[in-house]
Amino acid sequence: MAATVTWEALRELAGFRAESGCALSIYLDLDPSDTPTPAGAETRLRSLLARAEKEFAHGGERPREEKMAVGRDLDRIREWWGREFDRDGARGVAIFVSGGDGLWRVLMLPRAVRDDVHLSRRLRLTPLVDLAGDGEGALVAVVNRERGQVFRLRGGRLQEIVDRTEEQPGQHDQGGWSQARFQRHIEKLVAEHLKAVGGEIDKRVRSTRGPELVIVAPDELRAEIEGALSVEARESIVGWANARANASPLELLEVARPHLERARTARIGEAVERWREERGRHARASAGWAETLPAASDGRVDLLLLGEGADRKAFRCPRCGRGEAEAGSCPLDGTQLEPDAGSDIAVQQTLVQGGSVATVRGDQLDDAEGVGALLRF
């Protein structure tokens, strides 16, 4: 099963630097609409590995030992694919390997990625930043007249943390009661059930300090459910969804996903507005590559804002990793800077310094070369 890419995992990978050779970063699209069959996926992978062999293992000016190491890493990927690969609902896969440095990491991804292969001393992580978090820690509550469950999103799956499901009396249980009295009795039991479930939701919201909450419930119960929640829980709701009464966790996640994605888009929009305000006051904001790359290298970036597809040729210090927009010598240690992708430098430096990254769609960053940041100082 594809898992959520966590910020912790990305920061760990961002801190990697190959010491005994180079590291391969490979991305493979497994979206069923593009790659519906195992044979098709294997064909795409073979194409990527052939490209890597042509560009890295057989050509160029790299030392012979380095080429041989790359060849061994490619063989290891082929062996893994033949013996261990299991698609299991994944829509993409990222493979990071550097045998000489003991690195082997495979991430099965919940969303598609563009096919890519990259060889460098540092890993290419930019394609993963749009997947980071991806609702991680969100709560999904499924509530109806009998069912009362709360799930937490962890690793791309809904994990049950509360079950207050209670079977309510049916028509055959009426006995000698009048219809009106029996109906009032049922409604009382339902109200008590909703109150109990609301209390469980409140506990989880408070313990998680304001998580995003999606409630899956019949429309006719919405008012009663809201009335059973605290103000804090109601403020955490990012969406209401509908599903069949006995929907599985996978089905619940499918109906919750659009609400979590809209909440994410809204958060990024709010971050862009804060960035504009800070930039307008010449305060804690950077705009453009010349300002943002050094800020990321200095550990000043709290949130990197990267336009979708934004990139440019930039330069990195091979010794300390510092990024600069123009060629020259590293201002810290005097080492000659080497060309690299600006987006990769900005993302890697932001992550390794504990910051986060948000992909901004549309033209919101066009007046800043597609890149900016909210700064710590």
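The number of helices and strands found in the protein is nine helices and 16 strands. Dimensions of the protein along its principal axes, counting C-alpha atoms only, are 90 × 55 × 30 Å. Counting every position in the protein, which comprises 377 residues, the buried fraction comes to 51%. Within the protein, contacts between residues at least 6 apart in sequence are counted, and of these 67% link residues at least 24 apart. In the structure as shown, the protein presents an accessible area of about 18,300 Å², 47% of it carried by carbon and sulfur atoms. Within the protein, the 63 negative side-chain charges are centred at a point lying 2 Å from the centre of the 55 positive side-chain charges.

Below, the discussion takes up the environment of R76. Checked against the element boundaries, R76 lands in helix 3 (residues 64-83). Spatially, the C-alpha atom of R76 lies 39 Å from that of P331, the residues being 255 residues apart in sequence.

Quick look at the sheet that holds strand 13 (residues 323-324) now. Strand order across the open sheet formed by three strands is 13-12-14, with antiparallel pairing between neighbours. Both edges of this open sheet fall to strand 13 and strand 14 (338-341), since each of them pairs with a single strand only. Relative to strand 14, strand 12 (residues 313-316) is paired through four bridges, and the arrangement is antiparallel. Looking at strand 14, one finds that K313 is bridged to A341. Against the sheet, helix 9 (residues 342-352) engages strand 12, strand 13 and strand 14, with an angle of about 45° to strand 12.

The end-to-end C-alpha distance of helix 3, which contains 20 residues, comes to 29 Å, matching closely the 28 Å that a straight helix rising 1.5 Å per residue would cover. Considered for burial, the residues of helix 3 that qualify are E66, A69, V70, G71, D73, L74, I77, W80 and W81.

The next subject is the nonpolar core. With 39 residues, the main nonpolar core has F96, L109, L123, L125, L128, V347 and L351 as its most contacted residues. Leave out the neighbours within four places in its chain, and F96 touches L13, L24, S25, Y27, L103, W104, R105, L107, L123, R124, L125 and L128.

With that settled, the discussion passes to empty space enclosed by the protein. A full pass over the atoms with the stated rule returns one cavity of 30 Å³ or more. Looking at the largest cavity, its volume works out to about 40 Å³. Taken together, S20, G21, C22, A69, V70, D73, S98, G99, G100 and D101 make up the full set of residues lining the largest cavity. Its residues placed into classes, the lining of the largest cavity shows three nonpolar, five polar and two charged.

Glancing now at the side chain of D202. Mapping D202 onto the fold places it in helix 4 (residues 179-208). This buried residue, D202, is left without a salt bridge; R206 holds the nearest opposite charge, at 4.5 Å. Setting aside residues no more than four positions away along its own chain, D202 makes contact with A228, L229, S230 and A233.

In the contact formed by helix 8 (residues 289-297) and helix 9, the axes pass within 8 Å of each other and the chain directions differ by 35°. Handedness of the helix 8/helix 9 crossing: left-handed. Contact residues: helix 8 offers W289, L293, A296 and S297, while helix 9 offers G342, S343, I345, A346, Q349 and T350. Considered class by class, the residues forming the contact of helix 8 with helix 9 number five nonpolar, five polar and no charged.

The next point concerns the sheet that holds strand 2 (residues 92-98). With respect to topology, four strands assemble into an open sheet ordered 3-2-1-4, the strand pairing being antiparallel. Each edge of the open sheet carries a strand with a single partner, namely strand 3 (103-109) and strand 4 (116-120). With strand direction ignored, the average angle separating the axes of adjacent strands in the sheet is 10°. Two strands pair when backbone bridges link them, and strand 1 (residues 23-29) and strand 4 are joined in this way by five bridges, in the antiparallel orientation. Bridging from a neighbouring strand, S25 pairs with H118 of strand 4.

Cut-off values and rules
Residues numbered from 1 in each chain as written. Predicted model: local features only at pLDDT ≥ 70, side-chain atom pairs only at ≥ 80, totals over all residues. Heavy atoms only, no water. Helix = DSSP H or I, 4+ residues; strand = E, 2+ residues; numbered from the N terminus. Buried < 20%, exposed > 50% of the residue type's maximum accessible area, 1.4 Å probe, protein only. Contact = heavy atoms within 4.5 Å. Areas by Shrake-Rupley, 256 points an atom, 1.4 Å probe, with all protein chains shown as cover. Lys, Arg positive; Asp, Glu negative; His and termini not counted. Charge placed at Lys NZ, Arg CZ, Asp CG, Glu CD. Pairing = 2+ DSSP bridges. Axes fitted to C-alpha atoms, helices over the stretch in contact; angles between N-to-C directions. Expected span 1.5 Å × (residues − 1). Core = buried A, V, L, I, M, F, W, Y, C linked by side-chain atoms within 4.5 Å. 1 Å grid on protein atoms, 1.4 Å probe; cavity = no way out; pocket = protein on both sides within 12 Å on 5 of 7 lines; lining within 4 Å. Points joined across faces, edges and corners; volume = space filled by probe spheres on them. Nonpolar A, V, L, I, M, F, W, Y, C, P; charged D, E, K, R; others polar. Salt bridge = Lys/Arg side-chain N within 4 Å of Asp/Glu carboxyl O. Left-handed = near helix turned anticlockwise from the far one by under 90°.

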